[in-house]
Amino acid sequence: MIRSHFLNLSIFSILVGVFFAFLTQTGTRERLRVMVILGGSMIVLSLLVAYVMYPFPFR
Amino acid sequence: MTEPVVDQTVPDAAPAALPMGQAWMACGLAWLLPGLGHLYLGRRRRAVVFCMVVTAMFGLGLASDGAATLADPRLPLTYLATADNVATGPIEVLSRRLTYGRLVYRLPYDEADPERLELLGRLRVKVAAATHEYGSTFLLTAGLMNILLILDAWDIATGRKS
């Protein structure tokens, strides 16, 4: 059981990135590109949203 | 010597479509085991990757105390989640057995029904786990991925995609 939020998020993003790379692309280079863009953007955007939500709820 | 003339107006040949029976067979196999439909259609590398990714997603869901969803007549959206779980294929039976101890897909409507109370009690044990939300998300995503794989197998078999 993985308790780390970040590790869970990273594994999820990587798996989704790999899945869509192979589903939508045919060449190795294109697949790698989609994998990095999709997986990376999911991780970065999640961190960004987490950072924005950090002050909430106000006390 | 002149260059051969290539007619640019003629599009590339469309991928060959298989007979409908084989297309349905590919979809059925895709449901049976993630990636099996693609293997049947000769997409070996994709089949291996899809099988590994969906199985990993499902396995992580089980390991993280994810619970299979039960269709609750009082909550219509749970029917969608249950269908999504079922779309993962026969391996989904594992998550139901681990969560409820048996194969069950629907909660009884009556709130006082002892079976309903017993099933909710079993679900509460899973929900109490720290990683339950992650686990259930992994399980649902595995189902969604397999739905996409079934549709992809159909597109390949009918010649819409190479």
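Please read these numbers as outputs of a predicted model, since none were measured by experiment. (Residues numbered from 1 in each chain as written. Chains lettered and ligands numbered in written order. Predicted model: local features only at pLDDT ≥ 70, side-chain atom pairs only at ≥ 80, totals over all residues.)

Each helix and strand counted, chain A has two helices and zero strands in total. Its C-alpha atoms give chain A a radius of gyration of 14 Å, clearly above 10 Å, the size a compact globule of 59 residues would have. In terms of overall dimensions, chain A has C-alpha extents of about 50 × 25 × 15 Å along its principal axes. (Helix = DSSP H or I, 4+ residues; strand = E, 2+ residues; numbered from the N terminus. Rg over C-alpha atoms; globule rule 2.2 N^0.38 Å.)

Looking only at helices and strands, chain B features seven helices and zero strands. Reading chain B from its N end, one meets helices and strands in the order α-α-α-α-α-α-α. Principal-axis analysis of the C-alpha atoms gives chain B an extent of 90 × 30 × 25 Å. Expressed as a percentage of the 162 residues in chain B, the buried residues total 35%. Across chain B, every contact between residues at least 6 apart in sequence was considered, and the portion connecting residues at least 24 apart equals 67%. (Buried ≥ 20, exposed ≤ 12 C-beta atoms within 10 Å, placed from the backbone. Contact = placed C-beta atoms within 7 Å.)

Attention now goes to the packing of helix α1 (residues 5-24) of chain A against helix α2 (residues 28-53) of chain A. Packed helices, taken two at a time, are described by the angle their axes make and the gap between the axes. All names here are of chain A. Put simply, α1 and α2 touch, their axes get as near as 8 Å, and they point 150° apart. One element, α1, and the other, α2, form an angle in the roughly antiparallel class. Judged by the sense of rotation from one axis to the other, the crossing of α1 with α2 is right-handed. Between α1, through L9, S10, S13, I14, V16, G17, V18, F20, A21, F22 and T24, and α2, the contact on the second element is made entirely by R31, V34, M35, L38, G39, M42, I43 and S46. Broken down by class, the residue content of the contact of α1 with α2 amounts to twelve nonpolar, six polar and one charged. (Axes fitted to C-alpha atoms, helices over the stretch in contact; angles between N-to-C directions. Parallel < 35°, antiparallel > 145°, perpendicular 65-115°, else oblique. Left-handed = near helix turned anticlockwise from the far one by under 90°. Nonpolar A, V, L, I, M, F, W, Y, C, P; charged D, E, K, R; others polar.)

The subject of this paragraph is the packing of α1(A) against helix α3 (residues 44-63) of chain B. Two elements in contact, α1(A) and α3(B), have axes separated by 10 Å at closest approach and are oriented at 155°. The pairing of α1(A) with α3(B) is recorded here as roughly antiparallel in orientation. Classified by chirality, the crossing of α3(B) by α1(A) is left-handed. Counting all contacts with α1(A), which are made through I11(A), L15(A), V18(A), F19(A) and F22(A), the residues of α3(B) involved are R46(B), V49(B), F50(B), V53(B), A56(B), M57(B) and L60(B). Of the residues assigned to the contact of α1(A) with α3(B), the class counts are eleven nonpolar, no polar and one charged.

Moving on: the interface of chain B and chain A. If you look at the interface, chain B gives 16 residues, while chain A gives ten residues. Secondary structure elements with two or more residues in the side of chain B that touches chain A: α3 and α7 (132-157) of chain B. Per-element tally for the side of chain B that touches chain A: the top contributor is α3(B), with eight residues. Taken together, the residues of the side of chain B that touches chain A break down into eleven nonpolar, two polar and three charged.

So, about the nonpolar core. Most often, soluble globular proteins have nonpolar side chains that are buried together. Counting 36 residues, the largest nonpolar core has A26(B), M57(B) and A153(B) as the members making the most contacts within it. Those elements that provide at least two residues to this core are α1 of chain A together with α1 (20-32), α2 (36-40), α3 and α7 of chain B. Of all the elements, α7(B) adds the most residues to this core, at eleven residues. When residues no more than four places from it in sequence are discounted, the contact partners of M57(B) are L15(A), F138(B), T141(B), A142(B) and M145(B). (Core = buried A, V, L, I, M, F, W, Y, C linked by C-beta atoms within 7 Å.)

The end-to-end C-alpha distance of α2(A) is 37 Å, a good match for the 38 Å that 26 residues give at a rise of 1.5 Å each. Taken across its 26 residues, α2(A) has two buried, putting it largely on the surface. (Expected span 1.5 Å × (residues − 1).)

On to the environment of A130(B). With respect to the helices and strands, the residue A130(B) is situated in the loop between α6 (114-127) and α7. Separated by 21 residues in the primary sequence, A130(B) and Y109(B) place their C-alpha atoms 29 Å from one another.

Following the sequence through the fold, G121(B) ends up in helix α6. Taking C-alpha positions, G121(B) is 47 Å from K161(B), a pair spaced 40 residues apart along the chain.

Looking now at the environment of P15(B). All names here are of chain B. Mapped onto the elements of the fold, P15 is located in the segment before α1. The spacing of P15 and T158 is 143 residues in sequence and 8.5 Å in space, taken between C-alpha atoms. Those residues in contact with P15, other than ones at most four positions away along the chain, are G159, K161 and S162.

As a further point, take the confidence of the model for chain B. Note: predicted coordinates in regions of low pLDDT should not be interpreted at a detailed level. Predicted confidence across chain B gives a mean pLDDT of 90, with 91% of residues reaching 70 or more. Overall fold confidence (pTM) sits at 0.87, and the ipTM for the predicted complex is 0.88. (pLDDT = per-residue confidence, 0-100.)

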